[in-house]
Structure formats: C-alpha cells, structure tokens
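# Structural description and commentary
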Amino acid sequence: MASEHKNLSEYQPDQIPDGKLFKVGIVVAKWNSQITDQLLQGCKATLTEHGVPQEQIFVEYVPGSYELPLGASLVDQKHNPDAVICLGCVIKGSTSHNEYINQSVASSLMQLGLVRRKPFIFGVLTPNNQEQAEERAGGAHGNKGVEAAVTALEMIGLSKKLKESEKTIGFK
Ligand code: RBF
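A separate point is the overall build of the chain. Summing up its helical and strand segments, the chain has 5 helices and 6 strands in all. Listing the helices and strands of the chain from first to last along the sequence gives β-α-β-α-β-α-β-α-β-β-α. Its C-alpha atoms give the chain principal-axis dimensions of about 60 × 30 × 30 Å. Relative to its 172 residues, the chain shows a buried fraction of 43%. Sequence separation of at least 24 residues holds for 79% of the intrachain contacts in the chain that already meet a minimum separation of 6. With an accessible surface of roughly 10000 Å², the chain has 54% of that area assigned to carbon and sulfur atoms. The average position of the 17 basic charges and that of the 19 acidic charges among the side chains of the chain differ by 10 Å.

Our focus in this paragraph is the pairing of strand β4 (residues 120–125). Counting buried positions over the 6 residues of β4 gives 5, a clear majority of the element. In this sheet, β4 lies alongside strand β3 (residues 83–89) in parallel orientation, the contact comprising 6 bridges. The residue bridging V84 from the neighbouring strand is F120, located in β4. Handedness of the crossover is the feature at issue here: the chain leaves β3, passes through helix α3 (residues 97–116), returns alongside β4, and the resulting connection is right-handed.

The next subject is the layout of surface pockets. Each pocket or cavity is described by its volume, and for the second largest pocket that value is around 200 Å³. Lining the second largest pocket are N80, P81, D82, R116, R117, K118, I156, S159, K160, K163, E164 and K167. For the lining of the second largest pocket, the leading source of residues is helix α5 (residues 144–167), giving 6 residues. Here the lining of the second largest pocket is built from residues that sort into 2 nonpolar, 2 polar and 8 charged.

Another point: the pattern of salt bridges. The full count for this structure, using the stated rule, is 6 salt bridges. Of the charged contacts in the structure, one is a salt bridge between K20 and D18, with a shortest N-O distance of 3.4 Å. One salt-bridge network, in which partners are shared between bridges, spans D76, R116 and K118.

This paragraph deals with the pairing of strand β2 (residues 57–62). As paired strands, strand β1 (residues 24–29) and β2 are joined by 6 bridges and run parallel to one another. Its bridge partner being in β2, A29 is matched across the sheet by V62. Read from β1 through helix α1 (residues 33–49) to β2, the crossover connection turns out right-handed.

Axis separation between α1 and α5 bottoms out at 6 Å; the angle between their running directions is 40°. The element α1 and its partner α5 pack so that their crossing is right-handed. From α1, L39, G42, C43, T46 and L47 reach across to α5, where they touch K144, G145, V146, A149, V150 and L153.

Rules behind the numbers
Residues numbered from 1 in each chain as written. Predicted model: local features only at pLDDT ≥ 70, side-chain atom pairs only at ≥ 80, totals over all residues. Heavy atoms only, no water. Helix = DSSP H or I, 4+ residues; strand = E, 2+ residues; numbered from the N terminus. Buried < 20%, exposed > 50% of the residue type's maximum accessible area, 1.4 Å probe, protein only. Contact = heavy atoms within 4.5 Å. Areas by Shrake-Rupley, 256 points an atom, 1.4 Å probe, with all protein chains shown as cover. Lys, Arg positive; Asp, Glu negative; His and termini not counted. Charge placed at Lys NZ, Arg CZ, Asp CG, Glu CD. Pairing = 2+ DSSP bridges. Right-handed = clockwise from strand over helix to strand, strands pointing away. 1 Å grid on protein atoms, 1.4 Å probe; cavity = no way out; pocket = protein on both sides within 12 Å on 5 of 7 lines; lining within 4 Å. Points joined across faces, edges and corners; volume = space filled by probe spheres on them. Nonpolar A, V, L, I, M, F, W, Y, C, P; charged D, E, K, R; others polar. Salt bridge = Lys/Arg side-chain N within 4 Å of Asp/Glu carboxyl O. Axes fitted to C-alpha atoms, helices over the stretch in contact; angles between N-to-C directions. Left-handed = near helix turned anticlockwise from the far one by under 90°.

Read these as geometric descriptors, not functional statements.
Structure below.
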C-alpha cells in the first residue's frame, strides 16, 4: 500500500459536505510537536474552510501517540462530537517501539469507532525518519492533517445521511 501515490490533500472540495452543523474533536500528541503542530494547522484550516464553526472544534493534547485513544475517548465523553480526529507522529527508531504504538493506536481507534458508531480518525504519521515526516506535514506529500479532516467530514456526512434515511423508513 503506497500512500505516497495517494495524496488526498488534493481532494475535490465541492464533494465534501458542508460542516456548519458538525462538531469535531481533535486530539494531538505532543511528541514530535513540530510535525503534529503542522498536522493540526492543516486539519483545523480544512474544517474551517468547509464551514465547521471555530466554537464547534474541540482541541485537546496528550503526551504521546500511545495516549491518543484514551484522549479521544475522553473528548468524546465530554463534548459528544460527530467525529474525533487523532493526530500524531511516531518515527521509527532503532527498536520496535513504533510498531507497538502504531498497532495499538490503530486498533483502539477502530474499536472506539465501531463501539461509538462514529468516526475516530487515524491521523498518525508512521514515517521511517524525520524527512518523511516533514514531507507529509505540509511538504511534498501534502499534509495528512488536511486528509484527516476531509475523511472526518466525509464520514460525518455519510453517518448523517444514513441516520436521516432511517427516519424516513416505515409508517409516518
Ligand atoms: N510518541 C509519539 O507520539 N511519537 C514517537 O515517535 C514516540 N517515540 C517513543 C519512543 C519510545 C522508546 C518510547 C518509550 C515512547 C515513545 N513515544 C512516542 C511516547 C508514547 O507514545 C507514550 O507517550 C509513552 O510511551 C507513555 O505511554
């Protein structure tokens, strides 16, 4: 799966639902903050461009990416947003810590999404080095924070559309 060939930062804005009634939580890891700050900037700018009001975006910070799922769950409990976007950057080191962190974060966010029936977006970079991280945080490969925001908007749109259609099935 070569993500370098898929740059969702170049998406079709007219196909993204209007976010003026959407509430979105964002949880940001402080590790590699030079990178995660860029992801956050791209993410917030994209939500705002698509109409999500500033006061309906809730940003919280956690120490590292491993803490993202719990942070996301706490934000969900506090604000009941339509989606929670998790932003982090786990750079591969000389030990396998990155694999443990990435796998547990990915599977925990998937579980949260299925249990809570709302999107918990995996916006975690998993680069081999700093250069690859920079390329994906506003560099040659776009900004994955933008992509995380677009994914959240699309998934909220889908969820609202399906919930709306549920209401119209059956006797009136
Ligand atoms: N957190 C990150 O978000 N990115 C990292 O690159 C990262 N590297 C780590 C490397 C090691 C060896 C350890 C022990 C932790 C690292 N963490 C990293 C922090 C981790 O996500 C978490 O905050 C701590 O393990 C405390 O639970």
